[in-house]
Amino acid sequence: MIKVKVGCDIAEIKRFNKLDSKILNKIFHKNELKNLKAESLAGLFAAKESCKKVFNNLNWHDIEIKKKRNGKPLLVLKKDKDVLNYDLSISHDGKYAIATVIFLIKKP
């Protein structure tokens, strides 16, 4: 059986303007911190939160968001969740960043 699961999150961009390095390192991978713009961090945070809403037992570092050459976000889950496929979208507008993730999951 295949199940579809959806996660969505929105983050206020200004919350990411002045985070200290301790908090940044708790939430984000080193590679995710290459771009410290608040807009980018808010989008990554929303994407990670979207995944955590689908899989309740994930930690921040179990989820890594990379970018393909065309800019599309690429999701890397550190724990096997029987994910057959996924689609992740991150968007920014004005004061907010939003992310939605859809998973196709193989259920026994």
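First things first, this report covers the structure right here in the doc. (Residues numbered from 1 in each chain as written. Predicted model: local features only at pLDDT ≥ 70, side-chain atom pairs only at ≥ 80, totals over all residues. Heavy atoms only, no water.)

Notes on the overall build of the protein
A count of helices and strands for the protein gives two helices and five strands. In the protein, the succession of α and β elements from N to C terminus is β-α-α-β-β-β-β. Its C-alpha radius of gyration of 14 Å places the protein within 12% of the 13 Å reference for a compact globule of 108 residues. For the protein, the C-alpha atoms occupy an extent of roughly 45 × 25 × 25 Å along the three principal directions. Looking at the protein residue by residue over its 108 residues, the buried ones come to 38%. (Helix = DSSP H or I, 4+ residues; strand = E, 2+ residues; numbered from the N terminus. Rg over C-alpha atoms; globule rule 2.2 N^0.38 Å. Buried < 20%, exposed > 50% of the residue type's maximum accessible area, 1.4 Å probe, protein only.)

Things to note about the layout of surface pockets
Taking a probe equal in size to a water molecule and rolling it over the atoms shows the remaining empty space. The calculated volume of the largest pocket comes to roughly 390 Å³. Lining of the largest pocket is provided by 16 residues; of these, E32, L44, I65, K66 and K67 occupy positions nearest its centre. The set of elements that each furnish at least two residues to the lining of the largest pocket consists of α2 (38-54), β2 (63-67) and β4 (83-93). Taken together, the residues of the lining of the largest pocket break down into four nonpolar, six polar and six charged. (1 Å grid on protein atoms, 1.4 Å probe; cavity = no way out; pocket = protein on both sides within 12 Å on 5 of 7 lines; lining within 4 Å. Points joined across faces, edges and corners; volume = space filled by probe spheres on them. Nonpolar A, V, L, I, M, F, W, Y, C, P; charged D, E, K, R; others polar.)

Some remarks on the nonpolar core
Counting 28 residues, the largest nonpolar core has F16, F28, F45, C51, I65, L75 and F103 as the members making the most contacts within it. For this core, the leading source of residues is α2, giving nine residues. With near-sequence residues (within four places) excluded, F28 lies in contact with F16, L33, L41, L44, F45, K48 and H61. (Core = buried A, V, L, I, M, F, W, Y, C linked by side-chain atoms within 4.5 Å. Contact = heavy atoms within 4.5 Å.)

Some thoughts on the pattern of salt bridges
Across all of its chains, the model carries five salt bridges by this definition. In this structure, E12 and K14 form a salt bridge, with 4.0 Å as the shortest nitrogen-oxygen distance. What makes E12 partly exposed here is its relative accessible area of 24%. Taking relative accessible area as the criterion, K14 reaches 59% and is therefore assigned exposed. Among the ionic pairs, K72 bridges to D87, the shortest N-O distance being 2.8 Å. With K72 in the loop between β2 and β3 (73-77) and D87 in strand β4, this residue pair connects regions lying 15 residues apart in the sequence. For K72, a relative accessible area of 31% puts it in the partly exposed group. (Salt bridge = Lys/Arg side-chain N within 4 Å of Asp/Glu carboxyl O.)

A word on the sheet that holds β4
The strands making up a sheet associate through backbone hydrogen bonding, with each pair oriented either parallel or antiparallel. The strand order across the open sheet formed by three strands is β1-β5-β4, and the pairing between neighbours is antiparallel. Looking at the sheet topology across the chains shown, the edges are occupied by β1 (2-12) and β4. The average angle at which neighbouring strand axes cross in this sheet is 10°, direction not considered. Where β1 lies against strand β5 (residues 96-106), 11 bridges are found, and the strand directions are antiparallel. In the sheet register, I10 faces β5, and the bridge partner there is I98. Across the sheet, α2 is in contact with β1, β4 and β5; its angle to β5 comes to roughly 35°. (Pairing = 2+ DSSP bridges. Axes fitted to C-alpha atoms, helices over the stretch in contact; angles between N-to-C directions.)

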